[in-house]
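The lines below spell out each chain.
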Amino acid sequence: MKNLKSLLLSAFVIVGMCSFVTTPKPEATAELPGGAFLTIAGKFGGDIAKKDVLKTKELVVDGCAVGSKIFTYTIDINKGGTISTFKEESNIFSKEIIMKMKELNTGDSFEFKKIKAYLPNGKDQVDVHSKKFVVVADNV
């Protein structure tokens, strides 16, 4: 009985958190998933300028789980058809990932997978959605 109460309370907290979601940019609304999702430079996948990639050192969660903290992820970095995979146990890019990101050229890509985050309560976990990012030329 106590476990059922805990489960219902957790569900209530998660649903309550989803009611305080900020509204994303109108042009991006159609492609955003429900629940928690990863964005870089305000983008949920798709084309991204290399300068915006290099500004990113820490991953954050958007969506209904705002305030959640990523604690594990895998990233596949595709440079010229060669894929390098890194697994991290934090929300920060390692030095190796940063170095690999600096080598990216227009047309190269990267994709986050197996992303998990702790909800703001620090205990419950949530899967975080992401899409593939493709590097485009920086606007001058």
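K.L.:
Is there a simple way to explain the overall build of the chain in this structure?
P.N.:
From N to C terminus, the chain includes three helices and eight strands. Going from the N terminus to the C terminus, the chain shows its helices and strands as α-β-β-α-β-β-β-α-β-β-β. Looking at the 140 residues of the chain, the share that counts as buried comes to 36%. Look at the contacts in the chain between residues 6 or more apart in sequence, and 63% of them connect residues 24 or more apart. Accessible surface for the chain amounts to roughly 8,600 Å². Of this, 59% is attributable to carbon and sulfur atoms.

K.L.:
What is the right way to look at helix H3 (residues 95-102) in this model?
P.N.:
An α-helix turns once per 3.6 residues; consequently, residues spaced three or four apart project the same way. Within H3 the residues assigned to the buried category are Ile97, Ile98 and Met101. Each buried residue of H3 lies within a common arc of 100° when the element is viewed along its axis, so the set occupies one face. Exposed residues on H3 whose side chains face more than 90 degrees from its buried face are Lys95, Met99 and Lys102. Among the structural elements, helix H2 (50-55), strand E4 (69-79), strand E5 (82-88) and strand E6 (109-118) are those in contact with the buried residues of H3.

K.L.:
For this particular structure, what's the right way to read the packing of aromatic side chains?
P.N.:
Each aromatic ring pair is specified by the distance between its two centres and by the angle formed by the two planes. This structure, assessed with the given rule, holds seven aromatic pairs. Here the aromatic rings of tyrosine 73 and phenylalanine 112 are separated by 5.7 Å at their centres, their planes lie at 65°, and the arrangement is edge-to-face. Taken together, the residues span a long stretch of sequence, with tyrosine 73 in strand E4 and phenylalanine 112 in strand E6 at a distance of 39 residues. Taking the centre distance of 6.4 Å and the plane angle of 85° together, the rings of phenylalanine 112 and phenylalanine 133 count as edge-to-face. Taken together, the residues span a long stretch of sequence, with phenylalanine 112 in strand E6 and phenylalanine 133 in strand E8 (residues 133-136) at a distance of 21 residues.

K.L.:
Which parts of the structure should I look at to understand the nonpolar core?
P.N.:
Note that soluble globular proteins tend to have their nonpolar side chains buried in a common cluster. Within the largest apolar cluster, 24 residues are counted, with the highest numbers of intra-cluster contacts made by Leu38, Tyr73, Ile75, Met101, Phe110 and Phe112. Of all the secondary structure elements, the ones that give two or more residues to this core are strand E1 (36-38), E4, H3, E6 and E8. Not counting chain neighbours up to four residues away, the residues in contact with tyrosine 73 comprise Leu59, Phe86, Lys87, Glu88, Ser90, Ile92, Phe93, Ile97, Phe112, Lys113, Lys114 and Ile115.

K.L.:
Just checking my understanding: could you explain the pairing of strand E7 (residues 125-128) for this structure?
P.N.:
Successive side chains on a regular strand alternate, one facing one side of the sheet and the next facing the other. Summarising the sheet, E6 and E7 pair through four bridges and their orientation is antiparallel. Paired with isoleucine 115 across the strands is valine 128, a residue of E7. Hairpin connection of E6 to E7: six residues between the antiparallel strands, including glycine 122 at a positive phi of 80°.

K.L.:
Can you walk me through the confidence of the model for the chain in this structure?
P.N.:
Low pLDDT marks regions whose predicted coordinates should not be analysed in detail. Looking at the chain as a whole, its pLDDT mean stands at 79, while 73% of the residues score no less than 70. The least confident element of the chain, judged by mean pLDDT, is helix H1 (residues 2-18) at 51; the most confident is E5 at 94. Here residues 15-30 scores under 50 on pLDDT; set against residues more than four positions off or in separate chains, the count is nine contacts.

Conventions and cut-offs
- Residues numbered from 1 in each chain as written.
- Predicted model: local features only at pLDDT ≥ 70, side-chain atom pairs only at ≥ 80, totals over all residues.
- Heavy atoms only, no water.
- Helix = DSSP H or I, 4+ residues; strand = E, 2+ residues; numbered from the N terminus.
- Buried < 20%, exposed > 50% of the residue type's maximum accessible area, 1.4 Å probe, protein only.
- Contact = heavy atoms within 4.5 Å.
- Areas by Shrake-Rupley, 256 points an atom, 1.4 Å probe, with all protein chains shown as cover.
- Arc of directions from axis to C-beta.
- Phe/Tyr/Trp six-rings, centres within 6.5 Å; stacked < 30°, edge-to-face > 60°.
- Core = buried A, V, L, I, M, F, W, Y, C linked by side-chain atoms within 4.5 Å.
- Pairing = 2+ DSSP bridges.
- pLDDT = per-residue confidence, 0-100.

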